[in-house]
Amino acid sequence: MNPTISSIVYDESNKYLTIVGENFGAYQNLLKVYVCDKVAQEIQLLAPHTKISVYYDSALFENIVCPFIQIEVNNQNSSSGVLSIPSHITSVSLPPAKGGQITIQGSFLSDTNYYGTPLPWKLYYNSNFYTSTQCPTISPTTLICNSPPGSGTLMVKLEISNKLTETISVPYMELIQVTDVNQIKDTITIIGTGFSYDISSTTIFISAQELTPNCNINSDTEIVCSTIPLYILSGKIEISNMLTKSNSFTFYFKPYIISLSTPILDTAGGETITISGRFFETVDPITNSNNNFKLLSDGIDQLSISQIDGTTIIAKSIGGFGKNHYFVAQSNSRISNQVQYSFSPPSITGFTQINENQFSIQAQHFSTDQESLNSVIINDLSETTPFISQDRKSLIITVNGKTSNGQIIIKVEGQQSNIFSIYFAPIIKSLSLKPYLDGSSIVTINGLYFSNKNYQTNSQVDLSFSYELDSVPNSNSILECTYINGESASCKGFNGYGFAKLLLIKTDSSISYTSNNLTFSFQEPKVIKSTSLYYNKPGNITITAESFSSNSLEVYVSNFSCINPVAIDNSHINCFYEANAPPNQNQTSLTVSIISKNMFGKNQVFYYYEPLMCPNNCTSPDQGICNPINGECSCNDSFGSLDCSIPKQKPLPPPIVDDNGNSIISGGTHNFTVSIVYLRELNIFSGAVKTLSMANIKWVNKTKNNTTDSYFKGIFENDTATIELDAVYYKDAYQYDFAGDIVSIPSNSIKYVITISNWEFESPLNTLQVIYNSKTKRYHNDGCKIYQTSSNSGGGSGANESVSWFQLASGGSVMDAKFSRRMFVDDTVRKSYVSVLSIEDPLYLLLNTNDEYYYRLTSINTPSFSQRVVLDPSFNSLIRASDNACENKWKVPVIASVCSVGGVALITVVLGVMYRKYKVRIFLKKFSFKMNKL
């Protein structure tokens, strides 16, 4: 059967025809498609028998519509299909306002088809249509047609083969109209409309002078004229062409400055300057009246003009300073461009020292009226504003003491001076401490201009510190120093006594600069602490001290000589003391005095031993021995606790201190919590004057040396007090000397040094309490028996005596706390006083207690102090065994922790122990009375 065509669709974007019909066959090689009389080259069978795609190359038909399509399948031809391709307008030229020809461009615009057969064809202008006779020239892509006169917008479209093209809107070409003129330098831009109608016939005049050769028509709205001839003056601008002439536009040139004869002027003024430029019009060319012509400096009319013509101004300069000044020429209200000039830059001629921090810069060409205009830069650091000296010949600056030798620059209004080399003589102001007599001190010397580098040359500056003893004139001793910064150095090698003079010589590029002589004195002997003896029982004592000479020693205790003093090292002296000075009745320590190299030092540090009882007399001689000097039991290796009553087990892991000061000590299922909770000042009537809660402390330093050793420092927002906690973990048992008191530390313990400073006492008679809270569960059930928590304390010899130990027992766990019997109060040694607060104390109400927990407050009491007080408690915890029936249950570990209230870390330590049934009964029997009372 012959193929038949039912539809033809033209894809304008891809230029493909899609032909749909029947009997197209199934083989593309048997297909032919004829477009008019041409065989299509690109054919694709999209669907067997029914759909074909054909590329339509409009260029083959010169953009003329080919109306007929025919298909041949295996020599069988279809009837002709009708092809309809839409026409398009792409552009329309601007129509003249008076009417005239326009050019219409697009595709398939012809009024005949491929065979020359006329097509229905109409041209629309707005709502009016015309035949093809309106267009003298018609081609498939271009029409030249006559347009009607008009204004505003012309709407253009075509209707070809009863199909409308798109409508193109074009504005009518306007008449020539000049609306504005802009000037930049000697170039003007004429703004208006209708400039590009007939470029070849356009002429441009200013008054009677033609400017056309110097002008370019950039667009219908812009003409640019440059390199304007010298004979062109202000006047009326007119533009014309063959069709029309513009309005007459009055234009005045602004003065234009090209150059200045002298861009750098003397600060004193009076120089002759010549300004070259254009349009320096002193007379109005249009009205012939005189213009008000001026030469302004920084916008101010202050210059005297001696001569002027159209291109030159000659005037006298005025005085000034700095850079970034400018001249402008003004003719009536028309102002020229700015031409920059500067005054001579500042110049530095000298640099001298006035006092410690103030220096004079001798200079020229700086502002003598406005200080803020001057700035000084030393060694390329930040700018500073100097003062002007009274004689207005120099600048005064204040220099930072760390400033090194180097260079200085002055800037005035952004203008920079020469670079001037500067050198600073060092100034010694103070020593961080008095040097010790034995030469062991490392002293920080503070002052100004110690810098060891020259900024300008980047070379090393040698610093040589030396001193001369007053007792040995001309004895120049060189110190060994380490540079710290421009204001300090760390030095050692001080050997001497009495007074001396310190000197620094600073050598830079072989030139030496010598400091002042600073008179200082060596440190008199400092007494820190002393070991003890029993009263009237002579013996050797060891005094801890600083700053003494081993070959010149005298030691006294309360004015009684300590015989044969010998320096063990540079911090300890051993001597024989008769122990015959009576103890002070007010319980204060005796004064120990040291004389060395005719220098005298003393401090209250000596106490006599007092016979002390040990807890429970250490249970049994087989378990421990009492030390009557400190009232502590020395337990054998198999027993522990305060009274050596608990058999030891294998040590448990050390405690862990977290970032908030909490310490957790692994060991079991039972917790102890110990923390500093309050600092309370009491008056002489034991009334509270001030109480600080540790919940309100702000930690300013938290340092952890490892998981167990920590340092904390805290302050209070509305108080001056400062508290420092230094916690040290001891894995093994340890004995140490605190303020002359020998304290034994059990293994696996935490020891604290607590320092409180900056406490402002209301009265020197008041005391301060450092209060701990010990907390644990009120009852403990080990699976066999319910235990009630209790506490005990001791170590004093009477009802009002200080306790030296505190114990908290909860079930199978016991926590021990030890307190040194001494403390440092403003560096003197005092006896400490520790007490367990009555349950009636109002502080218990502030703890938010509940019946689930057991609480006990313990206080370390200190006298008033002006600087600081240093305390020394320690904590450890043990576990005792239950009876045999519950023995296996006690294999579950117990944890004793020291947490922080408000972040204060007070840590307990755990020792796991096994305790036999009969030992439990003995322990409970001995402490039951006091436990039940508390």
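Residues numbered from 1 in each chain as written. Predicted model: local features only at pLDDT ≥ 70, side-chain atom pairs only at ≥ 80, totals over all residues. Heavy atoms only, no water.

- Looking at an unreviewed UniProt entry, one finds the protein chain named ComC supersandwich domain-containing protein and attributed to Dictyostelium purpureum.

1. Here's the deal with the overall build of the protein chain
Then step 1. What the protein chain contains, in helices and strands, is 2 helices and 89 strands.
Then step 2. Sequence separation of 24 or more characterises 60% of the internal contacts of the protein chain that already satisfy a separation of 6 or more.
Then step 3. For the protein chain, the exposed surface amounts to about 43,800 Å²; the carbon and sulfur share of it is 49%. (Helix = DSSP H or I, 4+ residues; strand = E, 2+ residues; numbered from the N terminus. Contact = heavy atoms within 4.5 Å. Areas by Shrake-Rupley, 256 points an atom, 1.4 Å probe, with all protein chains shown as cover.)

2. Looking at the state of the cysteines
A covalent bond between the sulfur atoms of two cysteines is referred to as a disulfide.
Then step 1. In this structure the tally under the stated criterion is 8 disulfides.
Then step 2. Two residues, Cys-635 and Cys-644, share a disulfide whose sulfurs are 1.9 Å apart. Torsion about the S-S bond of the Cys-635 and Cys-644 cystine: about -90 degrees, corresponding to left-handed handedness. (Disulfide = S-S within 2.5 Å.)

3. Notes on the packing of aromatic side chains
Then step 1. Evaluated as defined, the whole model comprises 36 aromatic pairs.
Then step 2. A centroid spacing of 5.8 Å and a plane angle of 50 degrees characterise the contact between Tyr-124 and Phe-129, whose relative ring orientation is tilted.
Then step 3. Since its relative accessible area comes to 14%, Tyr-124 is described here as buried.
Then step 4. Here Phe-129 falls in the partly exposed class, since its relative accessible area comes to 46%.
Then step 5. Among the aromatic residues, those joined into a cluster by ring pairs are Phe-351, Phe-359, Phe-424 and Tyr-449.
Then step 6. Above the ring of Trp-759, the side-chain terminus of Lys-690 is found at 4.2 Å from the ring centroid.
Then step 7. The cationic tip of Lys-775 hangs over the ring face of Tyr-853; the distance from NZ or CZ to the ring centre is 4.5 Å. (Phe/Tyr/Trp six-rings, centres within 6.5 Å; stacked < 30°, edge-to-face > 60°. Buried < 20%, exposed > 50% of the residue type's maximum accessible area, 1.4 Å probe, protein only. Lys NZ or Arg CZ within 6 Å of the ring centre and 35° of its normal.)

4. Notes on a nonpolar patch on the surface
Then step 1. Among the surface-exposed residues, Phe-68, Val-82 and Tyr-115 lie close enough to one another that they form a single nonpolar patch of about 310 Å² accessible area.
Then step 2. Structurally, Tyr-115 is set in the loop between strand E11 (100-107) and strand E12 (121-125).
Then step 3. Owing to a relative accessible area of 43%, Tyr-115 belongs among the partly exposed residues under this scheme. (Patch = residues over 30% accessible without salt bridge, like charges linked within 9 Å, V, L, I, M, F, W, Y side chains within 5 Å. Salt bridge = Lys/Arg side-chain N within 4 Å of Asp/Glu carboxyl O.)

5. Let's talk about the pattern of salt bridges
Then step 1. Taken as a whole and assessed by the stated rule, the structure comprises 15 salt bridges.
Then step 2. Here Lys-434 ties to Glu-524 by a salt bridge, and the two come within 3.5 Å at their closest N and O atoms. With a gap of 90 residues between them, Lys-434 in the loop between strand E44 (427-431) and strand E45 (442-448) and Glu-524 in the loop between strand E54 (518-521) and strand E55 (526-530) connect regions that are remote in the sequence.
Then step 3. Two residues, Lys-831 and Glu-610, come together in a salt bridge whose shortest N-O distance is 2.4 Å. Of the two residues, Lys-831 sits in strand E83 (residues 828-831) while Glu-610 sits in the loop between strand E61 (599-606) and strand E62 (624-627), which places them 221 residues apart along the sequence.
Then step 4. Glu-610 gets classed as partly exposed once you look at its relative accessible area, which sits at 39%.

6. Structural notes on the sheet that holds strand E76 (residues 767-777)
Then step 1. The sheet built from 5 strands is open, its strands ordered E69-E68-E76-E85-E84 with antiparallel pairing. Whereas interior strands pair on both sides, the edge strands pair on one side only; in this sheet they are strand E69 (688-693) and strand E84 (833-836). The average angle at which neighbouring strand axes cross in this sheet is 25 degrees, direction not considered.
Then step 2. Of the strand pairs in this sheet, E84 and strand E85 (residues 853-863) are connected by 4 bridges, and their pairing is antiparallel. (Pairing = 2+ DSSP bridges. Axes fitted to C-alpha atoms, helices over the stretch in contact; angles between N-to-C directions.)

7. Describing the nonpolar core
Nonpolar side chains tend toward joint burial in soluble globular proteins.
Then step 1. If you look at the biggest cluster of nonpolar residues, it comprises 38 residues, and the most contacted ones within it are Ile-676, Leu-679, Ile-723, Ile-754, Ile-756, Trp-759 and Phe-865.
Then step 2. Broken down by element, the residue count for this core peaks at 5 residues, all from strand E72 (residues 719-730).
Then step 3. Aside from chain neighbours lying at most four places away, what touches Ile-756 is Leu-679, Thr-722, Ile-723, Leu-768, Val-770, Phe-865, Gln-867, Arg-868 and Val-869.
Then step 4. By size, the runner-up hydrophobic cluster in this structure holds 31 residues, among which are Ala-579, Val-605, Tyr-607 and Tyr-736. (Core = buried A, V, L, I, M, F, W, Y, C linked by side-chain atoms within 4.5 Å.)

8. Notes on the sheet that holds strand E37 (residues 358-364)
Then step 1. Pairing is antiparallel in the open sheet, where 4 strands are placed in the order E36-E37-E40-E39. The open sheet has two edge strands, strand E36 (347-353) and strand E39 (387-388), and neither has a second partner.
Then step 2. Two elements, E39 and strand E40 (residues 394-398), share 2 bridges in a ladder whose sense is antiparallel. Pairing of Phe-387 across the sheet is with Ile-396, part of E40.

9. Here we look at unusual backbone geometry
Leaving glycine out, the prevailing phi sign among residues is negative, and the prevailing peptide bond configuration is trans.
Then step 1. Unusually for a residue other than glycine, Asn-332 sits at a positive phi of about 55 degrees.
Then step 2. Examined against the element boundaries, Asn-332 turns out to sit in the loop between strand E33 (325-331) and strand E34 (334-335).
Then step 3. Residue class for Asn-332 comes out partly exposed when judged on its relative accessible area of 29%.
Then step 4. Positive phi is not limited to glycine here, since Asn-559 has a value of about 70 degrees.
Then step 5. Within the secondary structure layout, Asn-559 lies in the loop between strand E57 (554-557) and strand E58 (560-569).

10. Comments concerning the environment of His-780
Then step 1. You can see His-780 is positioned in strand E77 (residues 779-781).
Then step 2. Between the C-alpha atoms of His-780 and Ser-813, which are 33 residues apart in sequence, the distance is 9.7 Å.

11. A look at the pairing of strand E35 (residues 339-343)
Then step 1. The element E35 is largely enclosed, with a buried count of 4 among its 5 residues.
Then step 2. Judged from the 2 bridges that link them, strand E28 (residues 264-265) and E35 form a sheet pairing that is parallel. In the strand pairing of E35, Leu-265 is matched with Phe-343.
Then step 3. When E33 meets E35, the two strands line up antiparallel, connected through 3 bridges.

12. Considerations on the confidence of the model for the protein chain
Then step 1. Per-residue confidence for the protein chain gives a mean pLDDT of 86, with 90% of residues at or over 70.
Then step 2. The low-confidence segment residues 881-885 (pLDDT under 50) makes 12 contacts with residues lying over four places distant or belonging to another chain.
Then step 3. Scored below 50 in pLDDT, residues 887-934 makes 187 contacts in the model with residues more than four places away or belonging to other chains. (pLDDT = per-residue confidence, 0-100.)

13. Topic: the pairing of E12
Then step 1. The element E12 is largely enclosed, with a buried count of 4 among its 5 residues.
Then step 2. Taken together, E12 and the strand that follows it, strand E13 (residues 128-130), pair antiparallel across an intervening segment of 2 residues, in which Asn-126 is found at a positive phi of about 55 degrees.

14. What to know about the environment of Pro-583
Then step 1. Mapped onto the fold, Pro-583 is located in the loop between strand E59 (572-577) and strand E60 (590-596).
Then step 2. Counting along the chain gives 25 residues from Pro-583 to Tyr-608, while the straight-line C-alpha distance between them is 7.3 Å.
Then step 3. When sequence neighbours within four positions are dropped, the list of residues in contact with Pro-583 reads Tyr-535, Leu-590 and Tyr-608.

15. A closer look at the environment of Glu-524
Then step 1. Residue Glu-524 is classed as partly exposed on the basis of its relative accessible area, which comes to 27%.
Then step 2. A C-alpha to C-alpha distance of 7.5 Å links Glu-524 and Leu-437, two positions 87 residues apart in sequence.
Then step 3. Setting aside anything within four residues of it in sequence, one finds Glu-524 in contact with Lys-434, Ser-547, Met-599, Phe-600 and Gly-601.
Then step 4. A distance of 3.5 Å separates polar atoms of two side chains, one belonging to Glu-524 and the other to Lys-434.
Then step 5. A distance of 3.4 Å separates a polar atom in the side chain of Glu-524 from a polar atom in the side chain of Gln-523. (Polar contact = N/O pair within 3.5 Å; in protein donor to acceptor, adjacent residues only side chain to side chain.)

16. Details of the side chain of Asp-284
Then step 1. Mapped onto the elements of the fold, Asp-284 is located in the loop between strand E29 (272-278) and strand E30 (293-297).
Then step 2. Lacking a salt bridge, the buried Asp-284 has Arg-334 as its closest oppositely charged neighbour, with an N-O distance of 6.1 Å.
Then step 3. Here Thr-287 takes part through its side chain, which lies 3.2 Å from a polar atom of the side chain of Asp-284.
Then step 4. Setting aside residues up to four positions removed in sequence, Asp-284 forms contacts with Tyr-252, Ser-289 and Asn-291. (Lys, Arg positive; Asp, Glu negative; His and termini not counted.)

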